[in-house]
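Observations on the three-dimensional arrangement
Here is what each chain is made of, one letter per residue.
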Amino acid sequence: MTLLAAIVGLIFANLVSGGIIRSVRQLLEGTRAVEAGQLDQSIEVTTGDEIGQLAAAFNRMVVQLRDNQRVRETFGKYIDPRVVEGLIDRPTLTAAEGQRRVMTVLFCDLKGFTSLSEGMTPQGLVKVMNRYLSIMSEPIRTNRGIIDKYIGDGIMAYWGPPFVDEADHARFACLAAMEMIERIATLRQEIPELLGVRGTPMEKCDLRIGVATGEALVGSIGSDVMMSYTVMGDVVNLASRLEGVNKTYGTRNLVSERTIAAAGAALEVREIDRVVVAGHTHSEIIFEILGRKGELAAQQLLSRDKYQDGLAAYREQRWDEALRALNESLGAIPDDGPSMALLKRVESVKANPPSRDWDGAWHIDK
């Protein structure tokens, strides 16, 4: 009887321990899967004991993790995922007092959008806008920029700490601007397919981009009921103004002097002018990004050199030399917007000579 009881006890103990081991092993495997990011795990609850309660708690934890992940993914479409993660993982980002940092800000706008969109159906307009914003947002994201907001057909983005090192953010912004300009051809090709119609004005769409670097207030800014992690300050105003100044020069991008100085030697640029934009009392030297270093064609190099000669002659009031140089620039690239704009101005000031305190800066009120 003793031997029989011992055998039965051993068998029962093996069954119980085996069940416990299997349950613990399932919990261990499920935990490892969750640790690896697989949130579709669940463990079957077969008992009401402590092991069963632990399995039920594990399932509730996985459901909560899935909900949190869905929240992050959802808000990641409304706010840049790095800002979402930063606000969750680094509470200091929500500091109400904000911080002053050197940042680079970019504004992008679809040229002539109002007139281009006339006559389009709401459905077609939404298709075009969504595709345009998707195409233009990708270079910003791949170059580590933060998309701050969409303003109609406009995009505001910024680069800087804590998301990008201070030594790199101007260069990343300039690279993003170049890639955005390169992708306008893709958008033009896709518009007929999106609308199902060829020959629409939208097929001639183009970009205007302004980029500026300077000190900004960075932090969570807003009211008691709604906050936004954003940047504020004169650099934001300057980037927005430069985007609009493209209209004056017929350019696709205009960049502040400080941005070019911080971007390094990886870019081919040309000085466009010295301007006083609306809201400023001092002049800003502005540049155009022409391409990556060493990638310009011979005509582009010639046009740039002649434009620089014409700009220098204009500032020194040597009107005939300026006209000759600018005409040579247009001979290399006939539709060069800055050359045509400066040529027209030289002709105007030659006919009406400026005062002695003239500094050559162009005052732009809009």
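Residues numbered from 1 in each chain as written. Predicted model: local features only at pLDDT ≥ 70, side-chain atom pairs only at ≥ 80, totals over all residues. Heavy atoms only, no water.

Per the secondary structure count, the protein chain includes 12 helices and 9 strands. A buried classification covers 43% of the 366 residues belonging to the protein chain. Of the roughly 20,100 Å² of accessible surface on the protein chain, a fraction of 54% belongs to carbon and sulfur atoms. (Helix = DSSP H or I, 4+ residues; strand = E, 2+ residues; numbered from the N terminus. Buried < 20%, exposed > 50% of the residue type's maximum accessible area, 1.4 Å probe, protein only. Areas by Shrake-Rupley, 256 points an atom, 1.4 Å probe, with all protein chains shown as cover.)

Here we take up the pattern of salt bridges. Any two side chains of opposite charge can pair, so long as their charged atoms come close to each other. By the definition in use, this model includes 19 salt bridges. Arg304 serves as the salt-bridge partner of Glu268, at 2.9 Å between the closest nitrogen and oxygen. Taken together, the positions of Glu268 in strand 7 (residues 267-277) and Arg304 in helix 10 (residues 298-315) put the pair 36 residues apart, joining distant regions of the chain. The residues Glu268 and Arg304 share a single accessibility class, namely buried. The shortest N-O distance in the salt bridge between Arg270 and Asp336 comes to 2.5 Å. In this pair, Arg270 sits in strand 7 while Asp336 sits in the loop between helix 11 (319-332) and helix 12 (337-351), placing the two residues 66 residues apart along the sequence. Owing to a relative accessible area of 4%, Arg270 belongs among the buried residues under this scheme. The network of salt bridges with shared partners includes Asp109, Arg208 and Glu243. (Salt bridge = Lys/Arg side-chain N within 4 Å of Asp/Glu carboxyl O.)

The tally for this structure, following the rule as stated, stands at 1 aromatic pair. With 6.1 Å between their ring centres and 55° between their planes, Tyr314 and Trp319 make a pair best called tilted. Taken as a pair, Tyr314 and Trp319 share a single burial class, namely buried. Above the ring of Tyr307, the side-chain terminus of Arg270 is found at 4.9 Å from the ring centroid. Above the ring of Trp362, the side-chain terminus of Arg345 is found at 4.2 Å from the ring centroid. (Phe/Tyr/Trp six-rings, centres within 6.5 Å; stacked < 30°, edge-to-face > 60°. Lys NZ or Arg CZ within 6 Å of the ring centre and 35° of its normal.)

Turning next to helix 10. The terminal C-alpha atoms of helix 10 lie 26 Å apart, and with 18 residues this matches the ideal 26 Å at 1.5 Å per residue to within 8%. Ser303, Arg304, Tyr307, Gly310, Leu311, Ala313 and Tyr314 are the residues of helix 10 that are buried. At the C-terminal side of helix 10, Gln317 shows a positive phi close to 60°. (Expected span 1.5 Å × (residues − 1).)

Summarising the element assignment, Asp320 is placed in helix 11. Owing to a relative accessible area of 47%, Asp320 belongs among the partly exposed residues under this scheme. At a separation of 2.7 Å, a polar atom in the side chain of Asp320 contacts the side chain of Lys350. (Polar contact = N/O pair within 3.5 Å; in protein donor to acceptor, adjacent residues only side chain to side chain.)

For the rest of this paragraph, the subject is the pairing of strand 1 (residues 99-110). Two faces, one strand: in a regular strand the side chains alternate between the faces of the sheet. With 9 of 12 residues buried, strand 1 lies mostly within the body of the structure. Pairing of strand 1 with strand 4 (residues 207-222), which is carried by 12 bridges, proceeds in the antiparallel orientation. If you follow Arg101 over to strand 4, its bridge partner there is Ala216. Where strand 1 and strand 3 (residues 154-159) come together, 5 bridges link them in antiparallel fashion. Looking across to strand 3, one finds that Val105 is bridged to Tyr158. (Pairing = 2+ DSSP bridges.)

Okay, the nonpolar core next. One finds Val105, Tyr132, Trp159, Leu207, Ile209, Val231 and Tyr314 to be the most contacted residues of the largest nonpolar core, which totals 80 residues. With 9 residues, helix 6 (residues 169-182) is the largest single contributor of residues to this core. Excluding residues that lie within four positions of it along the chain, Tyr132 makes contacts with Cys108, Asp109, Leu110, Asp153, Ile155, Leu187 and Leu207. (Core = buried A, V, L, I, M, F, W, Y, C linked by side-chain atoms within 4.5 Å. Contact = heavy atoms within 4.5 Å.)

Examined against the element boundaries, Asn143 turns out to sit in the loop between helix 5 (122-142) and strand 2 (146-151). Each residue touching Asn143, except ones within four places of it in the same chain, is listed here: Trp159, Phe172, Leu175, Ala176 and Glu179.

Of the residues in the protein chain, 76% reach a pLDDT of 70 or more, and the chain-wide mean stands at 82. For the protein chain, per-element mean pLDDT is lowest for helix 3 (residues 81-89), which scores 64, and highest for strand 6 (residues 253-256), which scores 96. (pLDDT = per-residue confidence, 0-100.)

With that out of the way, let us pick up the environment of Met103. Here Met103 lies in strand 1. You can call Met103 buried: its relative accessible area is 0%. Along the backbone, Met103 and Pro161 are 58 residues apart, and their C-alpha atoms lie at a distance of 7.6 Å. With sequence-adjacent residues up to four places away left out, Met103 is seen in contact with Tyr158, Trp159, Gly160, Pro161, His169, Ala212, Thr213, Gly214, Ala216, Val218, Val231 and Val235.

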